[in-house]
Amino acid sequence: MGETTYPLVYTDEEGSTHKFENPEQLALGVEFVDDWDRTYDCRDASGRRIRLIVWALEVVLTQIVPDGFDPTSITVRQFKDGAGITFVEYADDTAMRSLRIEPNQSTAIEGLPHPAPVGPAVGSQDPRDFHRSWMRSRLGNRYP
């Protein structure tokens, strides 16, 4: 889907519009936002819709998504191989984020891990549970 290009135009829950020239400005201007804050809109310099995850003034994810992106339609599939488990988050069959869990380690990834999981999914996970696990992998103890 490409790389997010700045500046970003962010419209908050009150309808106020803010322009952020770089990730540092975004982090200073948005304290918390994620998929369940349905009242924001964010566009990059090319006009593409941007999915934001910001936690405690830290930009965790900026991701280009289709205009019709709806977090309530996210599905999470579980894949297993000899070394561990991979959970992959999908929106309309497009991999958005993944979480690789191996003994004593978890790795949060934007998109698919390399190598990508192969074979059929062996299970699923609730999207909110996936989000919490992904955020904890990314932020550690800073995420409750």
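Residues numbered from 1 in each chain as written. Predicted model: local features only at pLDDT ≥ 70, side-chain atom pairs only at ≥ 80, totals over all residues. Heavy atoms only, no water.

A. Molecular detail of the overall build of the protein chain. Counting its secondary structure elements, the protein chain contains two helices and 10 strands. For the protein chain, whose C-alpha radius of gyration is 16 Å, the value lies close to the compact-globule estimate of 15 Å for 144 residues. Overall, the C-alpha framework of the protein chain stretches about 50 × 30 × 25 Å when taken along its three principal axes. A total of 144 residues make up the protein chain; the buried ones form 38% of that total. In the protein chain, 48% of the contacts between residues at least 6 apart in sequence involve partners at least 24 apart. When the accessible surface of the protein chain is summed, it comes to about 7,900 Å², and 48% of that surface belongs to carbon and sulfur atoms. (Helix = DSSP H or I, 4+ residues; strand = E, 2+ residues; numbered from the N terminus. Rg over C-alpha atoms; globule rule 2.2 N^0.38 Å. Buried < 20%, exposed > 50% of the residue type's maximum accessible area, 1.4 Å probe, protein only. Contact = heavy atoms within 4.5 Å. Areas by Shrake-Rupley, 256 points an atom, 1.4 Å probe, with all protein chains shown as cover.)

B. Representation of the pattern of salt bridges in the model. Inspection of every chain in the model, using the stated rule, returns 12 salt bridges. Between Arg43 and Asp67 there is a salt bridge, with its nearest N and O atoms 2.4 Å apart. Of this pair, Arg43 sits in strand 3 (residues 41–43) while Asp67 is found in the loop between strand 5 (58–64) and strand 6 (75–81), placing the two residues 24 residues apart along the sequence. Take Asp67: its relative accessible area is 56%, and that puts it in the exposed class. One salt bridge connects Arg100 with Glu102, and the closest N-O pair in it is separated by 3.2 Å. For Arg100, a relative accessible area of 12% puts it in the buried group. For Glu102, a relative accessible area of 30% gives the class partly exposed. Linked through salt bridges whose partners overlap, the residues forming this network are Asp35, Arg51, Glu89 and Arg97. (Salt bridge = Lys/Arg side-chain N within 4 Å of Asp/Glu carboxyl O.)

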